[in-house]
Amino acid sequence: MKNNKNENTEIIILEAAKSIFQTKGMDGARMQEIANEAGINKAMLHYYYRSKQLLFEAVFKNAFSLLAPQLNAVLNDDSSIEEKVKSFTSNYIAFIAKHPYLPNFIIQELNRNPDFILKMKENSAFPNLEKFKKQVDVEVEKGLIKKISAQQLFINILALNVFPFIAKPLIQGLIAADDEGFKQIIENRKTEVADFIISSIKI
């Protein structure tokens, strides 16, 4: 019973932290606010997480543990590069739409702590690009896609998927889109980004 209670409390804390981080950002969030959101006192929060940094890492790892296996599965299945682009884009956008705070968290953390990525790479589910790289080279050699390096292709995929979430206020201002309009634009990008990338590499 005690273990179940501890697990439930930790889940409540992580959900509360996710909510506060999403609205206040890493720097703006306060441990007292997170404790209040979780319905516990600050001493209890510090019992589970000694610092905001450790709590942030736990929130990030929790979300990353949901996303990474999906991306890894796409990168390492036996589908064509075209199908990989479609699957990666659709899965990524659907996931980040549910966790919109995540891209900015990652950027902020890597700017402040570049070694943070080394911790994430220790996770066995961290996306592995080796099969993707070899597959791109093979499809280029066979004349199935235009000559492009796997690294550049992957960066293109990542950039087109990540940027709208990081630059949401700027994009909304430039195109005069409210939250509902932006939400629809993001939904449309599940196919539009994939179509754009595929068109750029098709022979």
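You'll find the protein chain entered in an unreviewed UniProt entry as TetR family transcriptional regulator, with Polaribacter glomeratus given as the organism.

### Here we look at the overall build of the protein chain
For the protein chain, the helix and strand inventory stands at 11 helices and zero strands. Going from N to C terminus, the protein chain has its helices and strands arranged as α-α-α-α-α-α-α-α-α-α-α. For the protein chain, the C-alpha atoms occupy an extent of roughly 60 × 40 × 30 Å along the three principal directions. Per-residue burial over the protein chain gives 38% buried out of 203 residues. When contacts within the protein chain are restricted to residue pairs at least 6 apart in sequence, long-range pairs at least 24 apart make up 66% of them. By element, 55% of the accessible surface of the protein chain is carried by carbon and sulfur atoms, the whole surface being about 11,800 Å². Here the protein chain carries 26 positive and 24 negative side-chain charges, and the mean point of each set is 4 Å from the other.

### Here we look at helix H4 (residues 52-76)
Given 3.6 residues per helical turn, the α-helix brings residues three or four places apart onto the same face. With 25 residues, H4 extends 35 Å between its outermost C-alpha atoms, agreeing within 8% with the 36 Å of an ideal straight helix rising 1.5 Å per residue. At Ser 65, H4 shows its largest kink, close to 30 degrees, and the proline Pro 69 lies no more than four residues downstream.

### Re the environment of Leu 54
Tracing the backbone shows Leu 54 in helix H4. For the pair formed by Leu 54 and Ala 97, sequence separation is 43 residues and the distance between their alpha carbons is 24 Å.

### Some remarks on the nonpolar core
Ranked by size, the top nonpolar core spans 59 residues in total, and within it Phe 21, Ile 34, Leu 55 and Phe 132 carry the most contacts. In terms of residues, this core owes the most to one element, H4, which gives 12 residues. Three or more residues apiece are contributed to this core by two domains, here domain 1 (1-50) and domain 2 (57-201). Beyond its immediate chain neighbours, meaning those up to four positions away, Phe 21 contacts Met 26, Ala 29, Ile 34, Lys 52, Leu 55, Phe 56, Val 59 and Phe 105.

### Re the environment of Phe 163
When you line up the elements, Phe 163 lands in helix H9 (residues 150-166). For the pair formed by Phe 163 and Asn 104, sequence separation is 59 residues and the distance between their alpha carbons is 9.8 Å.

### Side note on the UniProt feature "domain: HTH tetR-type" (unreviewed entry) in the protein chain
Here, the residues flagged by UniProt with the feature "domain: HTH tetR-type" (unreviewed entry) are residues 7-67. Along residues 7-67 the backbone is 87% helical and 0% strand, and the end-to-end C-alpha distance reaches 21 Å.

How each quantity is defined
Residues numbered from 1 in each chain as written. Predicted model: local features only at pLDDT ≥ 70, side-chain atom pairs only at ≥ 80, totals over all residues. Heavy atoms only, no water. Helix = DSSP H or I, 4+ residues; strand = E, 2+ residues; numbered from the N terminus. Buried < 20%, exposed > 50% of the residue type's maximum accessible area, 1.4 Å probe, protein only. Contact = heavy atoms within 4.5 Å. Areas by Shrake-Rupley, 256 points an atom, 1.4 Å probe, with all protein chains shown as cover. Lys, Arg positive; Asp, Glu negative; His and termini not counted. Charge placed at Lys NZ, Arg CZ, Asp CG, Glu CD. Expected span 1.5 Å × (residues − 1). Bend = angle between axes of the 7 residues up to and from the residue. Core = buried A, V, L, I, M, F, W, Y, C linked by side-chain atoms within 4.5 Å. Domains from an automatic or database assignment. UniProt positions renumbered as here; feature names shortened; annotations may be inferred.

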